[in-house]
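Here is how the chains run, residue by residue.
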Amino acid sequence: MREDLWKTGIGMTSQRTRERLLERLFEEGIRNLHVLEAIRRTPRHLFLDEALAHRAYEDTALPIGHNQTLSQPYIVARMTELLLGGGPLDKVLEVGTGSGYQTAILAQVVERVFTVERIMPLQERAKAVLKEIDVRNVVYRHADGNWGWPQYGPYDAILVTAAPAEVPTELLGQLAEGGRMVIPVGEHEQFLTLVTREGDQFIRRQVEPVRFVPLLAGAISF
Ligand code: SAH
């Protein structure tokens, strides 16, 4: 991963604002050092339109076009921390590539990321940015992530960054024994939910209230 792209198009304030963001995440309870280090290294402004780049290190969600949003850094950190839970992960499925920022964080703390996005232009932009910052352990699929990516499953962990009304059955089926899924669930009220698989049992824990865009059906090319 390239770290020398920090200053591209963002000016002198970046160093200070990045440090402030890390302090804030720590205050909010993020303790996993791998996650904090990944956030420190990753140039979030590159995942945004130039007009929004100056806000990249605020702890807020920001628009990425196509009615979608790049999640708040706290949420990205929290979800990644929950996913890592017990220890190192090999194969991880991500549903909802979006800008690719969460993908970039994930790719630095696990071995391999399989990421699925339904909106083609978002996927292409994410791919280009991840290539630019030299993140290589990611493979991409343009498809409806409700169906997961059966070809490479089962996965040690699954991270979903858009909210379904219920956890998709196909995703449960692609979770390995002992695996963990982190997913926002609900229509009007959503809860970040941790699902762990123990044999044929799926144990769910509601972690905290969240607001995500909905997990939609079908893939689109424009
Ligand atoms: N993790 C992203 C946040 C993306 S917002 C980031 O860091 O930028 C949610 C994303 O999920 C959007 O890009 C949306 O197009 C995608 N999405 C919604 N429903 C989907 C589905 N069924 N399959 C794949 N992607 C989906």
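A few points on the structure. As the structure is a prediction and not an experimental result, all values here were calculated from the model.

**So, the environment of E37**
As for its placement among the helices and strands, E37 is situated in helix α2 (residues 33-41). With relative accessibility at 32%, the residue E37 sits in the partly exposed group. A polar atom in the side chain of E37 sits 2.9 Å from the side chain of R40.

**What about the site of the ligand?**
The full set close to the ligand counts 25 residues, and S99, E117, D144, G145 and L216 are the nearest of them. Contacts to the ligand include E117, whose side-chain N or O atom sits 2.6 Å from an oxygen atom. One of the backbone N or O atoms of G145 is found 2.7 Å from a nitrogen atom in the ligand. The protein chains hide 99% of the 580 Å² of surface that the ligand would expose on its own. Contributions of two or more residues to the shell around the ligand are made by β2 (68-70), α4 (101-109) and β4 (112-117). With three residues, β2 is the largest single contributor of residues to the shell around the ligand. Residue composition of the shell around the ligand, grouped by class: twelve nonpolar, ten polar and three charged.

**Examining unusual backbone geometry**
Cis geometry is adopted by the peptide bond preceding P154, which originates at G153 and carries an omega value of 0 degrees. Along the chain, P154 turns up in the loop between β5 (138-142) and β6 (155-160). One non-glycine residue, N67, adopts positive backbone phi at about 65 degrees. Positive phi, close to 65 degrees, is recorded for D134, a residue that is not glycine. Within the secondary structure layout, D134 lies in the loop between α5 (120-132) and β5. Using a relative accessible area of 28% as the deciding quantity, one classes D134 as partly exposed.

**Observations regarding the pairing of β6**
The element β6 is largely enclosed, with a buried count of five among its six residues. Relative to β6, strand β3 (residues 91-95) is paired through four bridges, and the arrangement is parallel. Paired with E94 across the two strands is L159, which belongs to β6. As judged from the four bridges shared by β6 and strand β7 (residues 175-185), these two strands associate in the parallel manner. Note that in β7 the partner of L159 across the bridge is V182.

Each value, and the rule that gives it
- Residues numbered from 1 in each chain as written.
- Predicted model: local features only at pLDDT ≥ 70, side-chain atom pairs only at ≥ 80, totals over all residues.
- Heavy atoms only, no water.
- Helix = DSSP H or I, 4+ residues; strand = E, 2+ residues; numbered from the N terminus.
- Buried < 20%, exposed > 50% of the residue type's maximum accessible area, 1.4 Å probe, protein only.
- Polar contact = N/O pair within 3.5 Å; in protein donor to acceptor, adjacent residues only side chain to side chain.
- Near = heavy atom within 4 Å.
- Areas by Shrake-Rupley, 256 points an atom, 1.4 Å probe, with all protein chains shown as cover.
- Nonpolar A, V, L, I, M, F, W, Y, C, P; charged D, E, K, R; others polar.
- Pairing = 2+ DSSP bridges.

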